[in-house]
Structure formats: structure tokens, C-alpha cells
Amino acid sequence: LKPPCRTFHGHPRLLVSDVHSQYESVRRGEQEIPKYFNFASDVLDKWSEIEKAGKRPTNSAFWWISGNGEEVKWSFEELGFLSRKVANVLTKVCGLQKGDRVILVLPRIPEWWLVNVACIRAGIVLIPGTSQLSAKDILYRLQASKAKCIITNDTLAPAVDSVASECQFLKNKLMVSKGSREGWLNFNELYKNQPADHSCVKTMIQDSMIIFFTSGTTGSPKMTEHSQGSLGFRPLLCERYWLDVAPSNIVWGITDTGWIVTSLTSVFDAWALGSCVFVHQLPQIESSVILNTLCTFPIDTMISAPTLYRMLVQTDLSSYKFMNLKHCMSGGEPLNPEVIDQWKSKTGLDIYEVYGQTEAGIICSISRGMKIKPGSMGKAAPPFDVQVVDKNANILPPGQQGEIAIRSKPVRPLGLFTEYVDNPKKTTESERGDFYITGDRATMDEDGYFWFIGRDDDIIISSGYRIGPFEVESALIEHPAVAETAVVSSPDPLRGEVVKAFVVLSDAFSSSDCESLARDLQEHVKKTTAPYKYPRKVEFVQELPKTITGKIKRNELRAKEWGQM
Ligand code: ATP
Ligand code: MG
């Protein structure tokens, strides 16, 4: 079968590559999804062959900078060579076998990517964690996951040692460091001395590949299991993918290594499409560093969370000229239309929103070439059938509020997690009728665009009205005094609960008179949205509580309001 050369909104598609063409009949539904699949041998090694045959642009597969002048560039071949050595460390030195679990807690350094690929080669289940974990978080993760090995750096090694005696399953500790530490194997020395031949294990498409802990925005992080197929094969299954890039593209995902978004943007999706993954170590996320990087390197596609864009638009952008940036995406939290407007007026670029979850990767998206409706998170991302449903899992018509759900029966779609590990109760609770229920509320319009209202438990019910915090926050952020805001419910003797806004002021307004400013903000919301939604209470704060991944913890603010903390 010779696949047709496709174009997608004038953008040359990539389906012409061998990696994709071999699955053309699967995409057309003429052939079953393959039984065996391994992202390293079936995708990365294929790209390496294509590269060798001179059929891929002379573009690195991986491009890393430290910010202090250090730089690493790997082709797919080099990535293969080095990751095989690391696979040998894990299997031969550490004795890990297919199905064993490894926790990986490293900042954005090249070794993180090598361990990712090495685990896939060896069939070892990877559990990424963010470098901001405390000893208590590490203990929770080691115990819950029964991981046999942890890989981290010298910054976090003492925290691991302080809890290791309570982790009976932990056998090996590997440290990515120039120095040494008692009880730890030195990753760097070991892997340099390993042979580069390793034969990739044969994995079934539904074999466990990665377990992510959710962000824990609303409670303890949940272990969410993804298979080789759900992360590795999904990008090959879809023609119109949320990340619409080609081998010539350079993709910069500015997110934490513990978060699924990094795995999508900077491992599976970008590499499935043969693109270059760009990484800046970014020990601290500072506007000037981000902006200078965009001016110095030919990055064309950038993905981050709204917090980052909110931070960047507070900066004077007039002195920055981006080298090649063309496509900006945002996900993980609602993106306020005001931020889209400001970014557009200051940079000339649009922000394309995606909506997703640890459980399902990208669920909705505005893909390149699609019309942007500011405030909407786009349409269902293939292969998902996404609907808005009611309490009984009935599909609601356009315009009606309900819960966002993904059809999971009769066939569970590739992309959706396998289960919450060791938690069949939570797994069952997430299903209703033929659907997996996301726990987020939205409406869908006539064109199939989804409009986020809020997490189910963030909805405020005041005098009988249901109010989603996002709409009020978006109204508030239009006001020049507001840099960031979170809206939650607060107790009220008369109305039961009322809308309360926590506001972080922009620098120019930091010394304003609070009382009159609060009144201004209330008037502003009354004017820009239905008046009953205005915040009856306004509190000015220095910062908002956030998860490690930068999400606003409304539940924490709400608990304080209700005296539960
Ligand atoms: P936990 O499940 O442990 O409470 P969490 O839900 O924050 O944590 P993630 O899986 O990282 O963990 O986040 C997914 C959630 O983030 C979604 O369910 C949704 O509430 C929110 N989200 C993601 N993208 C968007 C978006 N574009 N617009 C609005 N909300 C979004
Ligand atoms: Mg969640």
C-alpha cells in the first residue's frame, strides 16, 4: 500500500514517512491494531533508519541546552546508541526485568530522556516524578508503587536516604551525578562502560509502560497506568493529531518532567512524528530566560501551561524578536481569553489551547489550522469520542452544561489509561454507562467546540445559580490591576455560599487602595458577565497556592474559607 501524500490545511503532513505508512490500513480501520508494539523499536529505531537513509531533514532528534553554555545534540541514532547502554545498566547491573517499576526524579537533563527510552527498550515501567518532591512525597511514591529502583540526582538523594528504610521493595538507587554517595550506584560511570548492544524486549501493545501520579490538585495523587499503545501508538493512529509537527520542526515543551505533558510533547508525540525535541534545563522559570531562548534558537513550536503565558504577558515584550516561533500551545489549566489577546497583540502569535488529563493525555485541542474561539479548548482529539453527559451518562445536546466524558465502551480507546493502579474502586468510579467521566464540567457548542466551566468540585452554587470559577476569573483578569486570580465559594449566612475572588495585583497597582479597587473589580465583573456571578468577597494576596505543576489549588483556598484547614 502506498499512502497518499496528504496535506492538512496547507501544512505538509508527515504520513508519508515509513513510520506512519506501515499503519495506514490500521488507520483506515481495515486492519486490527497490532498485537505487539514497542515505541523504541517500532518508532525510534525506525526514525533512526530513515535518518541513516538520508530521508529525514538534518535536524537533531534531541537538542538540550543548560543555559550556561553547555549543549547536547543527538540524532535518533545516537539516542538509540546511548539508551541501549542505559538499558544494560538497568537490566544487567540493577537486575531489573520486564514489568519492574523504576521511579525517575530528575530535572530537565539529557539523562532523563535516556532513562525514558531505556525503560521502553527493557519493558521496565517508568514512574516519572518532579524534582520538587519532598522526602514525604518520595516515600508515598516508593511505597505506593513498590518500585525496585529509583534514579535521581545528588540534590534529592538525601531525601531518598531519609525514607529508604521504610521502602522494602527498593533494591537499587542510581544517582546521576559527578560525585559519589554511599549506597548509591553512579549512573554516569556505569552507563559509559556498558556495551551499546541491547535487544529491545517484545512488548504487547497493552503492556504497562508508564505510571504517572496525577497532579494531586484535589487530593492524593493517583497512580495512573498507561500502556505502550496508549502513549506510544496513539500518535500513529491519528491523522489529525493535536501536535501537528513534521521532522523539520523544533518543539519546546516547557513543563515539568514529572508531568504527562512532558512525556507527550517531549517524548512520545514529538518523536512519533520525527521532530526535534528541544529542552532548556531551566533551573528557574524566568520570563527573560524563556524569551531570550526563543530569540536565540530556531524553536518553532512551544507548549506550556497558562501560568507561563500569564507571566510572559506581564513582561515588556517589545525588545524581543523571536527567531522562528510560529505555533504556541497551552494546556493543563483554563487559558483566559485576555491572555490570548495580549499574547497576540504583543507577539503577533495565537495561542492554541489543549485540554487533557493524566488519565487520557490530550482530550480536546485546537490544532494548527483550526479556527480559534478564545475561551474554548477546542474539539475532541482523535481517537476519542468526547461528549458532555448528565448524571446518568446520557449525552446532552449542544449548549447544555454537564460533565466531559470519553466513550470507553464497547472498546476502550487507545490513549485512555488502563487503570488506577491498585485502586479498582477509583477506576470503577471513573466509569459511568459507556463513558469514562473526567470530573470536569463544560458545554459543547454546535460546532463541537468545548467550553470549560470548572472541575466538578470547583463549581459554586449561590442562591441556586451554578457558577463556574473560570468565567469569573477570566472577567477579572481583563482588568489591568489583576495579574492572577482564583475564584472559589465562600460561606454566606443568607445565600449559603457566595463567589469569592483571591486576587494577585499586577505591579502597577500594588499600592492601590484595596477597598476602592475591590469595588472597581466587582463593577467590572458585573459589566462583563452576568451580574449574579460577581465576587461578593474580594481578597488581595501576594500569591496563589499552586501544585508543583503550576495549577491553582482552588480546593485549598476553599477549604480555608470553610474553616476546614
Ligand atoms: P488530581 O486528579 O490528582 O486532583 P489533576 O486533575 O490536577 O490532579 P492532572 O491530570 O495533571 O491532575 O490535570 C488534569 C486536569 O487539569 C483536568 O481534569 C482539568 O481539570 C485541568 N485542565 C487541563 N487542561 C485544561 C484546559 N485546557 N482547560 C481547563 N482545565 C484544564
Ligand atoms: Mg484529575
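Residues numbered from 1 in each chain as written. Chains lettered and ligands numbered in written order. Predicted model: local features only at pLDDT ≥ 70, side-chain atom pairs only at ≥ 80, totals over all residues. Heavy atoms only, no water.

Describe the pairing of strand 14 (residues 301–304), listing the residues and the values that go with them.
Residues T301 and I303 line one face of strand 14 and the alternating positions M302 and S304 line the opposite face, and both faces are buried. In terms of strand pairing, strand 12 (residues 250–253) meets strand 14 through 3 bridges, oriented parallel. Bridging from a neighbouring strand, G253 pairs with I303 of strand 14. After leaving strand 14, the chain enters helix 12 (residues 306–313) and then returns to the sheet as strand 15 (residues 327–331), a path that is right-handed. (Buried < 20%, exposed > 50% of the residue type's maximum accessible area, 1.4 Å probe, protein only. Helix = DSSP H or I, 4+ residues; strand = E, 2+ residues; numbered from the N terminus. Pairing = 2+ DSSP bridges. Right-handed = clockwise from strand over helix to strand, strands pointing away.)

Give a detailed account of the packing of aromatic side chains, specifying residues and quantitative values.
For any pair of aromatic rings, geometry is given as the distance between the ring centres together with the angle between the planes. All told, the structure shown has 22 aromatic pairs when counted by the stated rule. Summarising the aromatic geometry, the rings of W47 and F76 are spaced 6.2 Å apart at their centres and angled 25° between planes, so their arrangement reads as stacked. Taken together, the residues span a long stretch of sequence, with W47 in helix 3 (residues 39–52) and F76 in helix 4 (residues 76–93) at a distance of 29 residues. With relative accessibility at 1%, the residue W47 sits in the buried group. Residue F76 is classed as buried on the basis of its relative accessible area of 2%. (Phe/Tyr/Trp six-rings, centres within 6.5 Å; stacked < 30°, edge-to-face > 60°.)

So what's going on with the pattern of salt bridges? Residues and values would help.
Throughout the structure, instances matching the rule amount to 32 salt bridges. Between E473 and R554 there is a salt bridge; the shortest N-O distance is 2.8 Å. Here E473, found in helix 15 (residues 469–477), pairs with R554, found in helix 17 (residues 554–561); they are 81 residues apart in sequence, far enough to count as distant. Look at E473 and you get buried, because its relative accessible area is 3%. Exposure remark for R554: the relative accessible area of 8% places this residue in the buried category. (Salt bridge = Lys/Arg side-chain N within 4 Å of Asp/Glu carboxyl O.)

Can you lay out the packing of helix 9 (residues 228–237) against helix 10 (residues 260–272) for me, pointing to particular residues and giving the numbers?
Pairs of packed helices are described in terms of their axes, by the angle between the two and the distance that separates them. Packing of helix 9 against helix 10 leaves a shortest axis separation of 9 Å and a crossing angle of 50°. Viewed along their axes, helix 9 and helix 10 adopt a mutual orientation that is oblique. Note that helix 9 runs across helix 10; the crossing there is right-handed. From helix 9, L231, G232, P235 and L236 reach across to helix 10, where they touch I260, L264, F268, D269 and A272. Residues of the contact of helix 9 with helix 10, tallied by class, amount to 7 nonpolar, 1 polar and 1 charged. (Axes fitted to C-alpha atoms, helices over the stretch in contact; angles between N-to-C directions. Parallel < 35°, antiparallel > 145°, perpendicular 65-115°, else oblique. Left-handed = near helix turned anticlockwise from the far one by under 90°. Contact = heavy atoms within 4.5 Å. Nonpolar A, V, L, I, M, F, W, Y, C, P; charged D, E, K, R; others polar.)

Tell me what's going on with the environment of S162, and back it up with residues and numbers.
With respect to the element layout, S162 can be found in helix 7 (residues 157–163). Look at S162 and you get partly exposed, because its relative accessible area is 48%. Considering only alpha carbons, one finds S162 and L174, 12 residues apart in sequence, at a separation of 15 Å. Within the local environment of S162, its side chain forms a polar contact with the backbone oxygen of A159, the two atoms lying 2.7 Å apart. (Polar contact = N/O pair within 3.5 Å; in protein donor to acceptor, adjacent residues only side chain to side chain.)

So, the site of ligand 1: which residues are in play, and what are the values?
Taken together, 22 residues are adjacent to ligand 1, and T217, T218, T358, D440 and R455 come closest. In this structure, a nitrogen atom belonging to ligand 1 sits 3.3 Å away from a main-chain N or O atom of P334. Between ligand 1 and V354, the relevant distance is 2.8 Å, taken from a nitrogen atom to a main-chain nitrogen or oxygen of the residue. Considered on its own, ligand 1 offers 630 Å² of accessible surface; in the complex 97% of this is hidden by protein. The element best represented in the shell around ligand 1 is strand 16 (residues 351–357), accounting for 5 residues. Grouping the amino acids of the shell around ligand 1 by side-chain chemistry returns 6 nonpolar, 9 polar and 7 charged. (Near = heavy atom within 4 Å. Areas by Shrake-Rupley, 256 points an atom, 1.4 Å probe, with all protein chains shown as cover.)

Could you give an account of helix 16 (residues 514–528), naming the residues involved and the relevant values?
The α-helix advances 3.6 residues per turn, and as a result positions three or four apart in sequence lie on the same side. The terminal C-alpha atoms of helix 16, which comprises 15 residues, lie 21 Å apart, in line with the 21 Å expected from a rise of 1.5 Å per residue. When helix 16 is considered as a whole, its buried residues turn out to be L517, A518, L521, Q522, H524 and V525. The buried residues of helix 16 occupy one face: seen down the axis, they fall within an arc of 160°. Opposite the buried face of helix 16, at more than 90 degrees from it, the exposed residues are E515 and K527. Its buried side turned inward, helix 16 meets helix 15, strand 27 (482–492), strand 28 (496–505) and strand 29 (537–540). (Expected span 1.5 Å × (residues − 1). Arc of directions from axis to C-beta.)

Would you mind going over the pairing of strand 24 (residues 450–455) in detail, with residue names and values included?
Relative to strand 24, strand 23 (residues 435–444) is paired through 5 bridges, and the arrangement is antiparallel. In the strand pairing of strand 24, T443 is matched with W451.

Could you give an account of the sheet that holds strand 16, naming the residues involved and the relevant values?
Ordered in space as 4-3-13-12-14-15-16-17-18, the 9 strands form an open sheet in which the pairing is mixed. Of all the strands in the sheet, just strand 4 (71–74) and strand 18 (379–380) have a single pairing partner and so form its edges. The pairing of strand 3 (residues 62–65) with strand 4 spans 4 bridges and is antiparallel. If you follow W63 over to strand 4, its bridge partner there is K73.

Tell me about the nonpolar core, and name the residues and values.
The nonpolar side chains of a soluble globular protein tend to be buried with one another. By size, the foremost hydrophobic cluster in this structure holds 82 residues, and its most contacted members are F39, I151, F233 and W271. In this structure F39 touches L44, I120, Q228, G232, V267, F268, W271 and A272, once residues within four positions along its chain are discounted. One finds W63, C276, I340 and I351 within the second-largest nonpolar core, a separate group that totals 28 residues. (Core = buried A, V, L, I, M, F, W, Y, C linked by side-chain atoms within 4.5 Å.)

Provide a residue-level description of the sheet that holds strand 27, including the pertinent values.
A sheet is described by the order of its strands in space; here 3 strands give the open sequence 27-28-29, paired in mixed fashion. Edge positions in the sheet fall to strand 27 and strand 29, since each has one partner strand and no second. Looking at each pair of strands side by side, their axes are set apart by 25° on average, direction ignored. The pairing of strand 28 with strand 29 spans 4 bridges and is parallel. Following the sheet pairing, F502 is matched in strand 29 by E539.

Residue-level account of the side chain of E484, with values.
Among the structural elements, E484 can be located in strand 27. Here K546 takes part through its side chain, which lies 3.0 Å from a polar atom of the side chain of E484.

Talk me through the confidence of the model for the protein chain; I want residue IDs and the actual numbers.
Averaged over all residues, the pLDDT of the protein chain is 93; the fraction at 70 or higher stands at 97%. In the model, residues 1–15 has pLDDT below 50 throughout and makes 36 contacts with residues more than four positions away in sequence or in other chains. At the level of chain-chain contacts, confidence expressed as ipTM amounts to 0.98, with global pTM at 0.90. (pLDDT = per-residue confidence, 0-100.)

Describe helix 15, naming the residues involved and giving the relevant values.
Here helix 15 lies mainly inside the structure; 8 of its 9 residues are buried. For helix 15, the complete set of buried residues consists of P469, F470, V472, E473, S474, A475, L476 and I477.

Quick rundown of unusual backbone geometry? Include the residues and the values.
A cis amide bond links P382 to the next residue, P383, at an omega of 0°. Position of P383 among the secondary structure elements: in the loop between strand 18 and strand 19 (386–389). Residue K409 is joined to P410 through a cis peptide bond whose omega torsion reads 5°. Its location among the elements puts P410 in the loop between strand 20 (402–407) and strand 21 (419–420). The backbone phi angle of L282 is positive, close to 40°, even though this residue is not glycine.

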